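Coordinates in review
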Amino acid sequence: MKALDTIQAYRAHWSDLAARCVRDNRPYFTSFVPEEDLALAEPIAGKAGAVCTAWGGTENTSRVILCFAPDFIPIELAQFPIQCLTLSYRSPQPPAHRDILGACMGCNLERDTIGDILIDAKKAQIFVCTAVAPVLLQELHQVGRIGVSVTGDDPVCLSVKADFLPIQGTIASLRADAVTALVTRLSREKAVQLIRQGRLTCRHATIETPSASMQIGDVFSVRRYGKFRIEAIDGMSRKGRYHIIIQKYQG
């Protein structure tokens with residue numbers, strides 16, 4: 001019930017932003033949300049006579065800010081309230097993603113003010129809501145045991161790397177509920193609940209029918225569980241079940 005309430009709250013908030021942007025003839029922006037939320041927000045915007053676009057600071061980010069705007073107002077990427085912060089450090093091993101995120105939230109920031117974190121051997125770049133950038137510039141000096149310096153005027157120089165975690169298992173069919181149960185590691189019944197809550201998107205559309213058919217190559221998302229791609233069917237079991245390989249996007 002809590003998850004359903006959360007989804008309904010997001011939809012109510014998006015509906016309000018869509019109505020306000022049309023009423024006020026100006027764009028409204030959210031905080032950072034999972035990229036798959038764009039497919040959920042677009043029809044809500046359209047119903048109000050608005051359009052919804054998304055940007056995360058660079059290409060292929062897994063977290064984005066949504067923009068609701070009247071369809072006659074063009075939106076430039078520079079208008080999104082996103083700032084890229086660069087963390088520089090000297091360490092044999094770069095800090096882990098979870099350590100950087102934890103250090104940021106240790107500065108009393110909410111999770112939805114932080115977007116993707118890109119990490120290289122000598123630096124990391126973090127996309128944050130513009131309003132909270134001064135906090136990190138002033139207060140973030142250490143990640144774990146690694147000292148860092150933070151700057152806010154460097155261009156984006158790191159790119160999102162598509163790393164995958166393979167998920168393998170057997171399913172009776174390529175029904176949406178079976179695939180969802182496998183990737184979330186939930187029971188079939190709980191997977192059905194997620195789908196009926198509107199938390200499954202595939203081919204840029206919300207899938208709300210548990211029996212909907214999926215296919216090899218489909219890229220889909222389950223809100224709060226991640227983004228996935230159906231890679232291959234690798235034979236059949238003795239009981240007639242499909243051996244399936246699914247890739248989970250890591251980011």
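One structure accompanies this document, and this report is about it. (Residues numbered from 1 in each chain as written. Predicted model: local features only at pLDDT ≥ 70, side-chain atom pairs only at ≥ 80, totals over all residues. Heavy atoms only, no water.)

**Points about the side chain of Thr-61**
Here Thr-61 lies in the loop between strand 2 (50-55) and strand 3 (63-70). According to the relative accessible area criterion, Thr-61 is buried, its value standing at 7%. There is a polar contact of 3.2 Å between the side chain of Thr-61 and the backbone oxygen of Arg-63. Sequence-distant contacts of Thr-61, defined by excluding residues within four places in its chain, comprise Glu-35, Gly-56, Asp-116 and Val-160. (Helix = DSSP H or I, 4+ residues; strand = E, 2+ residues; numbered from the N terminus. Buried < 20%, exposed > 50% of the residue type's maximum accessible area, 1.4 Å probe, protein only. Polar contact = N/O pair within 3.5 Å; in protein donor to acceptor, adjacent residues only side chain to side chain. Contact = heavy atoms within 4.5 Å.)

**Here's the deal with the pattern of salt bridges**
In total, this model carries eight salt bridges according to the counting rule given. A salt bridge links Arg-11 to Glu-208, with the shortest nitrogen-to-oxygen separation between them at 3.7 Å. In this pair, Arg-11 sits in helix 1 (residues 2-24) while Glu-208 sits in the loop between strand 12 (205-207) and strand 13 (219-222), placing the two residues 197 residues apart along the sequence. Judged by relative accessible area, which is 26%, Arg-11 ranks as partly exposed. On the basis of relative accessibility, which here comes to 42%, the residue Glu-208 falls in the partly exposed class. A salt bridge links Asp-16 to Arg-20, with the shortest nitrogen-to-oxygen separation between them at 3.3 Å. Taken together, the residues Asp-16 and Arg-20, both in helix 1 and four residues apart, mark about one turn of the helix. Within the structure, one salt-bridge network assembled from shared partners comprises Arg-175, Asp-177 and Arg-188. (Salt bridge = Lys/Arg side-chain N within 4 Å of Asp/Glu carboxyl O.)

**Side note on the sheet that holds strand 2**
The three strands are arranged 1-3-2 in an open sheet whose pairing can be described as antiparallel. On the outer flanks of this sheet lie strand 1 (28-34) and strand 2, each paired with one strand and no other. In this sheet, adjacent strand axes meet at a mean angle of 25° when their direction is disregarded. Relative to strand 3, strand 1 runs antiparallel, the two sharing five bridges. For Phe-29, the partnering residue across the bridge sits in strand 3 and is Cys-67. Across the sheet, helix 2 (residues 37-47) lies against strand 1, strand 2 and strand 3, angled at about 160° from strand 2, the strand it touches most. (Pairing = 2+ DSSP bridges. Axes fitted to C-alpha atoms, helices over the stretch in contact; angles between N-to-C directions.)

**Some points on the sheet that holds strand 13**
Read across the open sheet, the six strands follow the order 10-15-14-13-11-12; overall the sheet is antiparallel. Every interior strand has two partners, whereas the edge strands, strand 10 (163-171) and strand 12, have only one. Taken over all neighbouring pairs, the strand axes of this sheet differ in orientation by 35° on average, direction set aside. Both strand 13 and strand 14 (residues 226-236) contribute to a ladder of four bridges, which runs antiparallel. Bridge assignment links Val-222 to a residue of strand 14, and that residue is Gly-226. Across the sheet, helix 5 (residues 176-184) is in contact with strand 10, strand 11 (200-202), strand 12, strand 13, strand 14 and strand 15 (242-250); its angle to strand 10 comes to roughly 125°.

**Section: helix 2**
Along an α-helix, residues three or four apart share an orientation, since each turn contains 3.6 residues. Among all positions of helix 2, only Asp-37, Leu-38, Ala-39, Leu-40, Ala-41, Ile-44 and Ala-45 are buried. Of the residues flanking the end of helix 2, it is Gly-49, one or two places downstream, whose phi is positive at about 85°.

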